[in-house]
Amino acid sequence: MLTARCIWQQAEHNAFTDLIWFKQALWCVFREGSAHVSPDGAFRLLRSADLGHSWQSAALISATDADLRDAKLSIDPAGKLLLLGAGALHNRDQQSHQSYLWQSEDGYSWTAATPIGEPNIWLWRMAWQQLPRQMPHCYAVGYHTGPDKLVRLYQGDSPLQLAPVTDLLSGQYANESGLLFEPDGTALCLLRRDPEHGLFGQSKPPYTHWQWQDVGWRIGGPQWLQLPDGRLLACVRLYDDEVRTSLCWINRRTGKLTEWQSLPSAGDCSYAGMVLQGTKLYISYYSSHQGKTSVYFTELSLTT
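On a predicted model such as this, the values are computed, not experimentally measured, just so you know.

> For the side chain of T245, give the residues involved together with the corresponding values.
Tracing the backbone through its elements, the reader meets T245 in strand β20 (residues 244-250). When its relative accessible area of 0% is taken as the criterion, T245 is described as buried. A distance of 3.0 Å separates the side chain of T245 from the backbone nitrogen of S270, its partner in a polar contact. Ignoring sequence-local partners within four residues, the contact set of T245 consists of C235, V236, S262, L263, S265, C269, S270, Y285 and Y286.

Below you can see the structure in the form of structure tokens.
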């Protein structure tokens, strides 16, 4: 089993992480709150200039009108750091949820929140795609938070211009997702369903027709990346036997998931961030296996 070290547990509940490499440092973002669901959810950003050995708090983003949840980091084509998150609104007279975008040049100072997407659509993660001789485009998958169960793909020249492309699924409670693009433009989607097994999807541009395969496991908090040799490596919550956070291979041909290595974790856990630098993989996640729900960090070497 891999070893991991706790890097943050100052709030009562510290969870739902993401990780990115930005300006020669690792940046980890996660939600702080008094509970798994609570009105005081805020985003804490940590920075590590020594590959995860030490971490310093860089920013805290909060809202007076919403519980901020599921922060995700990306870098736009101009090199700006972007933060995507959802707000579970306190006043639900008009809507219950809204996705927001924050922008930063340095990771320390952030713009005010800008609403993006559609009301009551929880945008999960952004992905950038650039085909030869074309401008880069931003994509995101969102799910409806109300009784109408659907998962929708969005596209735009920037996150501020995201518009619907197509509904990927409807009538099933599918929600959290990971989105990757291959060099030929093929889109790959790893999608959580509850309580059914997760799905592995593939689509060619313009991404209006998808092929879906059952991954064989129920999964939560999916994050994944493609290795230089083409292999697909995911970090997800697994629910069989004991709930845990695990690294898993995804078979591109069959769509099946194979557990590779479990991380020190149990109970309320998962929601990883993943950064690949050469052959070194850095992972952030959260877990409650040591009592308090806290943020953890680990690293491992990948070989062919």
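> Hey, could you go over the sheet that holds strand β18 (residues 219-226) for me, with residue numbers and the actual values?
Within the open sheet, the four strands sit side by side as β18-β19-β20-β21. Their pairing is antiparallel. Because the sheet does not close on itself, it has two edges, and the strands there are β18 and β21 (257-262). Pairwise comparison of adjacent strand axes, ignoring direction, gives a mean angle of 30° for this sheet. Both strand β19 (residues 232-238) and β20 contribute to a ladder of seven bridges, which runs antiparallel. In the sheet register, L232 faces β20, and the bridge partner there is I250.

> Which residues make up the pairing of strand β14 (residues 174-181), and what values go with them?
Taken across its eight residues, β14 has eight buried, putting it largely inside the fold. In this structure, β14 lies alongside strand β15 (residues 187-193), joined through six bridges in antiparallel fashion. From the neighbouring strand, F181 faces β15, where its bridge partner is A187. Between β14 and the antiparallel strand that follows it, β15, lie five residues; G185 among them carries a positive phi value of about 95°.

> Pulling in residues and values, what's your account of the packing of aromatic side chains?
Note on aromatic pairs: each is described by the distance of the centres and the angle between the planes. On inspection of all chains with the given rule, the structure shows 20 aromatic pairs. Ring centres of Y139 and F181 lie 5.0 Å apart, and the angle between their planes is 50°; on these two criteria the pair is classed as tilted. Taken together, the residues Y139 in strand β11 (residues 137-144) and F181 in strand β14 connect sequence positions 42 residues apart. Overall, Y139 belongs to the buried group, its relative accessible area being 7%. F181 gets classed as buried once you look at its relative accessible area, which sits at 17%. It is K72 that lies over the ring of W124; its NZ or CZ is 4.1 Å from the centre.

> Break down the side chain of H97 for me, citing the residues and quoting the values.
Take H97: it is sitting in strand β8 (residues 97-104). Looking at H97, the relative accessible area reads 11%, which means it is buried. A distance of 3.4 Å separates polar atoms of two side chains, one belonging to H97 and the other to T145. Not counting residues up to four positions away in its chain, the partners in contact with H97 are G87, A88, L89, R92, P119, N120, W122 and T145.

> Help me get a handle on the environment of T293, residues and values and all.
Note on placement: T293 falls in the loop between β23 (280-287) and β24 (294-301). Overall, the relative accessible area of 9% leaves T293 in the buried class. It is 10.0 Å that separates the C-alpha atoms of T293 and A266, two residues lying 27 residues apart in sequence. Among all residues touching T293, those that are not within four sequence positions of it are E12, H13, N14, A15, D268, Y286, S287 and S288.

> Lay out the sheet that holds strand β3 (residues 26-33) in plain terms, naming residues and giving numbers.
Either a parallel or an antiparallel arrangement is found when strands of a sheet pair, and the pairing is made through backbone hydrogen bonds. One open sheet holds the four strands; their spatial order is β2-β3-β4-β5, and the pairing between them is antiparallel. In the strand order of this sheet, the two ends are held by β2 (13-21) and β5 (56-61), each with one partner. The mean inter-strand angle of the sheet, taken between neighbouring strand axes irrespective of direction, is 25°. Bridge count for strand β4 (residues 42-48) against β5 is five bridges, and the pairing is antiparallel. Pairing of R47 across the sheet is with Q56, part of β5.

> An account of the environment of G201 is requested, with residue identities and associated values reported.
Mapped onto the elements of the fold, G201 is located in strand β16 (residues 199-203). C-alpha separation for the pair G201 and L180, spaced 21 residues apart in sequence, amounts to 10 Å. In this structure, G201 is in contact with A187, L188, C189, W210, Q211 and W212, ignoring residues within four places of it in sequence.

> Lay out the pattern of salt bridges with the relevant residues and their values.
Counted according to the given criterion, the structure contains 17 salt bridges. Here R125 makes a salt bridge to D18, at a shortest N to O gap of 3.2 Å. With R125 in strand β10 (residues 121-129) and D18 in strand β2, this pair connects stretches of sequence that are 107 residues apart. When sorted by exposure, R125 lands in the same class as D18, which is buried. Ionic pairing is found between D167 and R152, a salt bridge with its closest N-O pair at 2.6 Å.

Each value, and the rule that gives it
- Residues numbered from 1 in each chain as written.
- Predicted model: local features only at pLDDT ≥ 70, side-chain atom pairs only at ≥ 80, totals over all residues.
- Heavy atoms only, no water.
- Helix = DSSP H or I, 4+ residues; strand = E, 2+ residues; numbered from the N terminus.
- Buried < 20%, exposed > 50% of the residue type's maximum accessible area, 1.4 Å probe, protein only.
- Polar contact = N/O pair within 3.5 Å; in protein donor to acceptor, adjacent residues only side chain to side chain.
- Contact = heavy atoms within 4.5 Å.
- Pairing = 2+ DSSP bridges.
- Axes fitted to C-alpha atoms, helices over the stretch in contact; angles between N-to-C directions.
- Phe/Tyr/Trp six-rings, centres within 6.5 Å; stacked < 30°, edge-to-face > 60°.
- Lys NZ or Arg CZ within 6 Å of the ring centre and 35° of its normal.
- Salt bridge = Lys/Arg side-chain N within 4 Å of Asp/Glu carboxyl O.

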